[in-house]
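# Fold and contact review
Spelled out from the first residue to the last, the chains are:
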Amino acid sequence: MNGAIARLGVELAERGYDILVGSGLIADAARHLAPVLKRPRVVIVTDPAVAALHLGAFGASLDAAHIRHDCLVLPAGEATKGFARLGRLLDDLLDLRIDRNTTLVALGGGVIGDIAGFAASIVLRGIDYIQIPTTLLAQVDSSVGGKTAVNTRHGKNLVGAFHQPRLVLADLDALLTLPRRELLAGYAEVVKYGLINDPAFFDWLEAHGPALLAGDKAALGHAVMTSCQAKARIVAADERETGDRALLNLGHTFAHALEAETAYDGELLHGEAVAIGMVLAFQLSARLGLAPAADAARIQGHLEQVGLPTKLPRLGQATALPTPARIVDSMASDKKAGDGQLTFILTRGIGRAFIARDVARDQVSAFLAELCN
Ligand SMILES: NC(=O)c1ccc[n+]([C@@H]2O[C@H](COP(=O)([O-])OP(=O)(O)OC[C@H]3O[C@@H](n4cnc5c(N)ncnc54)[C@H](O)[C@@H]3O)[C@@H](O)[C@H]2O)c1
Ligand SMILES: [Zn+2]
């Protein structure tokens, strides 16, 4: 993609929007924002780490184009995605005397995108917002598709809204300042798209993943674009997750349970939990006789090679750590679970994921118990 900016449309009729992928998008943001702003005024929501690295270039671009901008800086981290912080954010926005033609800009990772997007969906009964995702996870996943949310004590993302952004700017330069652990966590979600329905992309990742993770911008560009295309296609077909959008949850039933058990304390990043969850989903599929065990081994090999966790080494070995029974309970209380049985994304092999709504809890417990031995 050498220097070029790629444009991709999310086809949702009057809620459709463009995703731009390329270098230099933040520094040249005003040019891309101007056509979608109702009037030249934005409020930027960001976190301190992102502000220190990228707000200067963004603000300079807005200044040069005479776009008025205020900025609200929220603490970094998952704890920000809660009611307390949401309430303050809404009041801060109203203090700035925004009106319905003001546009919010989420400049940051998925935490900022989710809370700013949710605030945009409810303040003044809904205003426009733009996503400028600065983590790999946010570029390939959370910034696209219009799911916004905060967490409650009952779990993650349980209160939110579908609110599509007006534009997504995925600037590859932002990824170059990302800590490697965060880059890797986002990479797990990239791999997910190959595993869902694009085996050729998984082949490509096996060959190019290491270069991508070393900061090769052409490889990053290809991976972000391919991932956004995959997500945009699935979202366009099922905006509100009544059907195939659930495929995006591959690895996530296990991941959410693991995250709940580790209380989102940073011990396990979301993408790391997803890496483990995808391997477990393939291993469970193999155990149920649905998928070749060799495919589970192949994806585990790739994820391990790049440095992602793929196992639950300490499962059940200390009282503070999740036991198989607790994980299964946690899965059953996940909002994606149906009555009594567990809904899982299972697979017939790499690139052949499908939605299974009737996985028996016993089978999952037995599978997890076996892993602990
Ligand atoms: N809405 C959706 O569809 C959706 C999908 C997937 C995940 N999510 C949500 O996304 C969140 C996770 O997002 P995340 O992984 O981006 O985490 P994050 O937003 O917490 O960002 C991770 C860390 O990276 C820092 N950072 C961000 N950009 C940086 C940059 N360019 N350079 C240096 N540091 C940078 C941040 O300050 C933060 O400390 C979770 O809350 C999850 O629920 C939402
Ligand atoms: Zn995810």
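Owing to the predicted nature of the structure, the values given are computational and were not obtained by experimental measurement. (Residues numbered from 1 in each chain as written. Chains lettered and ligands numbered in written order. Predicted model: local features only at pLDDT ≥ 70, side-chain atom pairs only at ≥ 80, totals over all residues. Heavy atoms only, no water.)

What follows deals with the packing of aromatic side chains. Any aromatic ring pair is given by two values, namely how distant the centres are and how the planes are angled relative to each other. Within this structure, the stated rule accounts for three aromatic pairs. Between Phe 201 and Trp 204, the ring centres sit 6.0 Å apart and the planes meet at 15°, which makes this aromatic pair stacked. Pair noted here: Phe 201 and Trp 204 are both in helix α8 (residues 199-213), with a separation of three residues, about one helical turn. In terms of burial, Phe 201 and Trp 204 fall into one category: buried. Measuring from ring centre to ring centre gives 5.1 Å for Phe 254 and Phe 344, while their planes differ by 55°; the resulting arrangement is tilted. Taken as a pair, Phe 254 in helix α10 (residues 252-261) and Phe 344 in strand β10 (residues 342-347) lie far apart in primary sequence, 90 residues in all. Looking at Phe 254, the relative accessible area reads 2%, which means it is buried. Joined through ring pairs, the aromatic side chains of Phe 254, Phe 344 and Phe 367 make up one cluster. Taking the ring centre of Tyr 193 as reference, the NZ or CZ of Lys 192 above it sits at 5.4 Å. (Phe/Tyr/Trp six-rings, centres within 6.5 Å; stacked < 30°, edge-to-face > 60°. Helix = DSSP H or I, 4+ residues; strand = E, 2+ residues; numbered from the N terminus. Buried < 20%, exposed > 50% of the residue type's maximum accessible area, 1.4 Å probe, protein only. Lys NZ or Arg CZ within 6 Å of the ring centre and 35° of its normal.)

Before going further, it helps to spend a moment on the coordination of the zinc ion (ligand 2). Around a metal, the perfect tetrahedron of four donors has angles of 109.5 degrees, and the perfect octahedron of six donors has angles of 90 or 180 degrees. For the zinc ion (ligand 2), the protein coordination sphere consists of Glu 189 (OE), His 252 (NE2) and His 270 (NE2), at 1.9 to 2.1 Å. Sequence positions of the donors to the zinc ion (ligand 2) reduce to the motif E-x62-H-x17-H. Taken together, the residues Glu 189 in helix α7 (residues 180-197) and His 270 in helix α11 (residues 270-287) connect sequence positions 81 residues apart. You can call Glu 189 buried: its relative accessible area is 0%. (Donors = N, O, S within 2.8 Å, 3.2 Å for Na, K, Ca; no water.)

Let us now look at the site of ligand 1. Surveying the vicinity of ligand 1 reveals 26 residues, the closest of which are Asp 47, Gly 110, Thr 134, Thr 135 and Thr 177. Note that an oxygen atom of ligand 1 is positioned 3.0 Å from one of the backbone N or O atoms of Val 111. With respect to ligand 1, the side chain of Thr 134 contributes an N or O atom lying 2.7 Å from a nitrogen atom. Looking at the shell around ligand 1, the element that brings in the most residues is helix α2 (residues 48-64), giving four residues. The class makeup of the residues in the shell around ligand 1 is nine nonpolar, eight polar and nine charged. (Near = heavy atom within 4 Å. Polar contact = N/O pair within 3.5 Å; in protein donor to acceptor, adjacent residues only side chain to side chain. Nonpolar A, V, L, I, M, F, W, Y, C, P; charged D, E, K, R; others polar.)

A few words now on the environment of Ala 51. Tracing the backbone shows Ala 51 in helix α2. A relative accessible area of 16% means that Ala 51 is categorised as buried. Taking the C-alpha atoms as reference, Ala 51 lies 21 Å from Asp 141; in sequence the two are 90 residues apart. Other than its neighbours up to four places away in sequence, Ala 51 contacts Thr 46 and Gly 56. (Contact = heavy atoms within 4.5 Å.)

In this section: the pairing of β10. Where burial is concerned, most of β10 is hidden: six out of the six residues are buried. Of the two faces of β10, the one holding Leu 342, Phe 344 and Leu 346 and the one holding Thr 343, Ile 345 and Thr 347 are both buried throughout. Bridge analysis of β10 against strand β11 (residues 353-359) gives five bridges, and the strand direction is antiparallel. Opposite Leu 346, over in β11, you have Phe 354 as the bridge partner. (Pairing = 2+ DSSP bridges.)

Our focus in this paragraph is the pattern of salt bridges. The full count for this structure, using the stated rule, is 23 salt bridges. We note a salt bridge from Arg 31 to Asp 28, for which the minimum N-O separation is 2.8 Å. Its relative accessible area of 54% is what places Arg 31 among the exposed residues. Classification of Asp 28 by relative accessible area gives partly exposed; the value is 29%. Lys 192 serves as the salt-bridge partner of Asp 141, at 3.6 Å between the closest nitrogen and oxygen. Of this pair, Asp 141 sits in helix α5 (residues 136-142) while Lys 192 sits in helix α7, placing them 51 residues apart in sequence. By relative accessible area, Lys 192 is classed as buried at 1%. When salt bridges with common partners are traced through the structure, they connect Glu 78, Lys 81, Asp 114, Lys 156 and Glu 259 into a single cluster. (Salt bridge = Lys/Arg side-chain N within 4 Å of Asp/Glu carboxyl O.)

With that settled, consider unusual backbone geometry. Non-glycine residue Leu 124 carries a positive phi angle of around 55°. On the secondary structure map, Leu 124 appears in the loop between α4 (110-122) and β6 (129-133).

Core analysis: the biggest nonpolar cluster contains 80 residues, and Tyr 187 and Val 364 have the highest contact counts within it. Beyond its immediate stretch of four places on either side in the chain, Val 364 contacts Phe 254, Leu 284, Val 328, Met 331, Leu 342, Phe 344 and Val 359. (Core = buried A, V, L, I, M, F, W, Y, C linked by side-chain atoms within 4.5 Å.)

Moving on: the packing of α10 against α11. With their axes 7 Å apart at the nearest point, α10 and α11 run at an angle of 130° to one another. By the angle class used here, α10 and α11 are oblique. Crossing of α10 over α11 shows right-handed handedness. Residues His 252, Phe 254, Ala 255, His 256, Leu 258 and Glu 259 of α10 form the contact with α11, whose own contacting residues are His 270, Ala 273, Val 274, Ile 276, Gly 277, Leu 280, Ala 281 and Leu 284. Partitioned by chemical class, the residues of the contact of α10 with α11 number nine nonpolar, four polar and one charged. (Axes fitted to C-alpha atoms, helices over the stretch in contact; angles between N-to-C directions. Parallel < 35°, antiparallel > 145°, perpendicular 65-115°, else oblique. Left-handed = near helix turned anticlockwise from the far one by under 90°.)

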